[in-house]
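Reading the structure
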Amino acid sequence: MAYSQQLIDHYENPRNVGSLEKTDGTVGTGLVGAPACGDVMKLQIKVGVDGRIEDAKFKTFGCGSAIASSSLATEWVKGKTLDEAEQIKNTEIAQHLSLPPVKIHCSILAEDAIKAAIKDYRDKQQVADGKAAE
Amino acid sequence: MSVNGSSTNGQQVHEPVQVNGLRQDGQNQPQLPIYLDYQATTPCDPRVVQAMLPYFTEKFGNPHSRNHHFGWEAEEAVEKARRQVASIIGADEKEVIFTSGATESNNLALKGVAHFQKDRKNHVITTVTEHKCVLDSCRHLEMEGFKVTYLPVQQNGLIDLEQLKAAITDKTVIVSIMAVNNEIGVIQPLAEIGKICRERGVYFHTDAAQAVGKIPLDVNAMNIDLMSISGHKIYGPKGIGALYVRRKPRVRLDALIHGGGQERGMRSGTLATPLCVGLGEACAIAEKEMASEAERLTYLRDRMYNQFKERLPEVFLNGDLDQRIPGNLNLSFAYVEGEGLMMGIKDLAVSSGSACTSASLEPSYVLRALGVEEELAHTSLRLGIGRFTTEQDVDYAVEHIIESVNKLRSMSPLWEMAQEGIDIKSIQWAEH
Ligand SMILES: Cc1ncc(COP(=O)(O)O)c(C=O)c1O
């Protein structure tokens, strides 16, 4: 299978590999996939006071396409508001990396990871707001 | 002492100077990419090609032409090849028929014997780790009404002889158990299986595509009634194989391919003289060099395995180590997905048991049959070494695999969890 230059670049020089403090209230963590299926993505966002994603990190267990999809996802969410980040579509990821058809699920997983991280952040905020209102 | 450290007192130094996994001496750099997939196929030995060449051009006769020199010349070559094939398995030349490869041999052995006996017996026994061509032939027989028992294997990949004994009934026509597994290289207890089958009066067929030339085989000592052989796994050409069919006591089978009645009616069609010659020569070379080659490959295989074990935590060997051909290593590098790893070592041609590398989305059915958990099956790599693998190749491969595994583990969420002491099984994963 011949992979695109973009995909190979993200695989060989992955952007934003690492972890953020998951107990931090400004950090949202998305963990999607399953080890038994051969891919697991952890994507984390850190949201600034202006409501924009100021940092993003990922770690991925999976094939080259999964690693590249999550690397690209962290790059794309940075600087976006949560609402903007939520609009990122798996098809855009797949197109940018020219994923072969059998690898489309990797881009779907990346989109899921973004959504899961945003949800985790929002859940945390609600709990915090609730506490503040008490 | 030489500056580049490649020799002292004329002796090979086994540990060249390395920084970041790369040789500093600039010597003995292996040629890239490195082929480490000898169970998938092997290159033709140049000696094999040399032997074949005349039979494409000046000695082009039809080996079945009985009336002139061209035919006799080709026939002579084919019969010599038949003797060479017979010799490596301790058979008589009359018991060897040429086919297009082990796939056809397996089809012919299973369907041929089952069809011939269908009015008397209807039961076939095989194992769950067979090559697809055996499993699919069995499925086909099931559709025709045969019953098939798929024996499980133990954690080391070997069958339990007691389970085999228990599975045989008076309706059992044939037991088909592979000699050496293509993914994990484990060797089944052929002599014991043969003994059981002979005592119970059922035919014993073995798919020896991965075994011929790698381990000593003797159809009589092992009570083997049918044996499949493939050319391209033993440094011979692709598109040729053989089926050993015992004559005493005689095994009878229905042909799959009908026509001119060649190969004693069991396989019609004009024999491909150059390919037969190639298979014969490949067998002759393998027979002569088996012992020394096994010793050399064992050294290289152990060298690889020991490096991985010493330098990486959580590396697991799939399949038995002792009952194994020398040229195979199948390892799971926990927390690193196999296809992701293969992309990181693109100078190395290897295979993975990961689902991503196959057309289906299931990880290797062979590893699953050993009880290897799905997540570990996804992290497996098959390293197959052979006649043309050098020590430099092996050392280069080890360095690159270790480097890649370390890099990918540092970006694996599962590795991170394991380091934090989180049990991966305690998490509710959304299976997708
Ligand atoms: C164990 C085993 N059986 C059968 C085959 C099929 O052999 P061939 O390619 O000669 O048809 C192979 C090779 O893929 C094999 O490894």
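1. As for the packing of aromatic side chains
- Following the criterion strictly, the structure yields six aromatic pairs over all chains and no others.
- Consider the rings of Y38 of chain B and Y235 of chain B, whose centres lie 6.0 Å apart with planes at 50 degrees: the pair is tilted. With Y38 of chain B in the loop between strand 5 (34-35) and helix 1 (46-52) and Y235 of chain B in the loop between strand 11 (226-230) and strand 12 (241-245), this residue pair connects regions lying 197 residues apart in the sequence. Of the two residues, Y38 of chain B and Y235 of chain B, neither departs from the other in class, the shared state being buried.
- Ring geometry for F308 of chain B against F333 of chain B: centres 5.4 Å apart, planes inclined by 80 degrees, an arrangement best described as edge-to-face. A residue pair is termed long-range when its members are at least 10 positions apart, and F308 of chain B in helix 7 (residues 273-311) and F333 of chain B in strand 14 (residues 328-333) qualify at 25 residues.
- A residue is classified by how much of its surface remains accessible, and F308 of chain B, at 0% relative accessible area, is buried.
- For F333 of chain B, a relative accessible area of 0% corresponds to the buried category.
- Members of the aromatic cluster, each reached through a chain of ring pairs, are Y35, Y38, Y235 and F388 of chain B.
- We note K407 of chain B situated over the ring of Y11 of chain A; from NZ or CZ to the ring centre the distance is 5.8 Å.

2. What to know about the sheet that holds strand 17 (residues 380-384) of chain B
Residue and element names in this part refer to chain B.
- Overall, antiparallel pairing links the four strands, which are arranged 13-14-17-16 in an open sheet. Whereas interior strands pair on both sides, the edge strands pair on one side only; in this sheet they are strand 13 (315-317) and strand 16 (351-352).
- Where strand 13 meets strand 14, three bridges bridge the pair, whose relative direction is antiparallel. When the sheet's bridge partners are listed, F316 is paired in strand 14 with S332.
- Along the sheet, helix 7 contacts strand 13, strand 14 and strand 17; its crossing angle with strand 14, the most-contacted strand, is approximately 10 degrees.

3. Re the confidence of the model for chain A
- In the predicted model, chain A carries a mean pLDDT of 94, and 97% of its residues have values of at least 70.
- By mean pLDDT, the top-scoring element of chain A is strand 3 (residues 53-61) of chain A (98), and the lowest-scoring one is helix 5 (residues 104-133) of chain A (91).

4. Considering the domain arrangement of chain B
All names here are of chain B.
- In terms of domains, chain B is made up of domain 1 (17-44 + 290-414) and domain 2 (47-285).
- If you average the C-alpha positions of domain 1 and of domain 2, the two centres end up 30 Å apart.
- Across the contact, 27 residues belong to domain 1 and 37 residues belong to domain 2.
- Contact between domain 1 and domain 2 buries roughly 2700 Å² in total, counting both sides, with carbon and sulfur atoms accounting for 57%.

5. Comments concerning the interface of chain A and chain B
- The partner chain B presents 30 residues to the 29 residues of chain A that form the contact.
- Roughly 2500 Å² is buried in total at the junction of chain A and chain B, and carbon and sulfur atoms are behind 65% of that figure.
- Of all residues in chain A, the largest losses of buried area upon contact with chain B belong to Y11, P35 and F61 of chain A, amounting jointly to 25% of the total for that side.
- Connecting chain A to chain B are five salt bridges.
- For the pair chain A and chain B, the number of links is 14 residue pairs in polar contact (both at pLDDT 80 or more).
- Class assignment of the residues belonging to the side of chain A that touches chain B gives a composition of 17 nonpolar, six polar and six charged.

6. Points about the sheet that holds strand 2 (residues 39-47) of chain A
Residue and element names in this part refer to chain A.
- Read across the open sheet, the three strands follow the order 1-2-3; overall the sheet is antiparallel. The two strands at the open ends of the sheet, each matched to only one other strand, are strand 1 (27-34) and strand 3. Shown here is a sheet whose adjacent strand axes are inclined to one another by a mean of 10 degrees, direction ignored.
- Pairing between strand 1 and strand 2: eight bridges, direction antiparallel.

7. Brief notes about the pattern of salt bridges
Residue and element names in this part refer to chain B.
- Tallying each qualifying case throughout the model produces 36 salt bridges over all chains.
- With a closest N to O distance of 3.9 Å, D92 and K94 form a salt bridge.
- On the accessibility criterion, D92 (35% relative accessible area) is partly exposed.
- Residue classification places K94 among the partly exposed residues on the basis of a relative accessible area of 46%.
- Between E162 and K165 there is a salt bridge, with its nearest N and O atoms 3.2 Å apart.

The rules behind the values
Residues numbered from 1 in each chain as written. Chains lettered and ligands numbered in written order. Predicted model: local features only at pLDDT ≥ 70, side-chain atom pairs only at ≥ 80, totals over all residues. Heavy atoms only, no water. Phe/Tyr/Trp six-rings, centres within 6.5 Å; stacked < 30°, edge-to-face > 60°. Helix = DSSP H or I, 4+ residues; strand = E, 2+ residues; numbered from the N terminus. Buried < 20%, exposed > 50% of the residue type's maximum accessible area, 1.4 Å probe, protein only. Lys NZ or Arg CZ within 6 Å of the ring centre and 35° of its normal. Pairing = 2+ DSSP bridges. Contact = heavy atoms within 4.5 Å. Axes fitted to C-alpha atoms, helices over the stretch in contact; angles between N-to-C directions. pLDDT = per-residue confidence, 0-100. Domains from an automatic or database assignment. Buried area = accessible area lost by both parts, 1.4 Å probe. Salt bridge = Lys/Arg side-chain N within 4 Å of Asp/Glu carboxyl O. Polar contact = N/O pair within 3.5 Å; in protein donor to acceptor, adjacent residues only side chain to side chain. Nonpolar A, V, L, I, M, F, W, Y, C, P; charged D, E, K, R; others polar.

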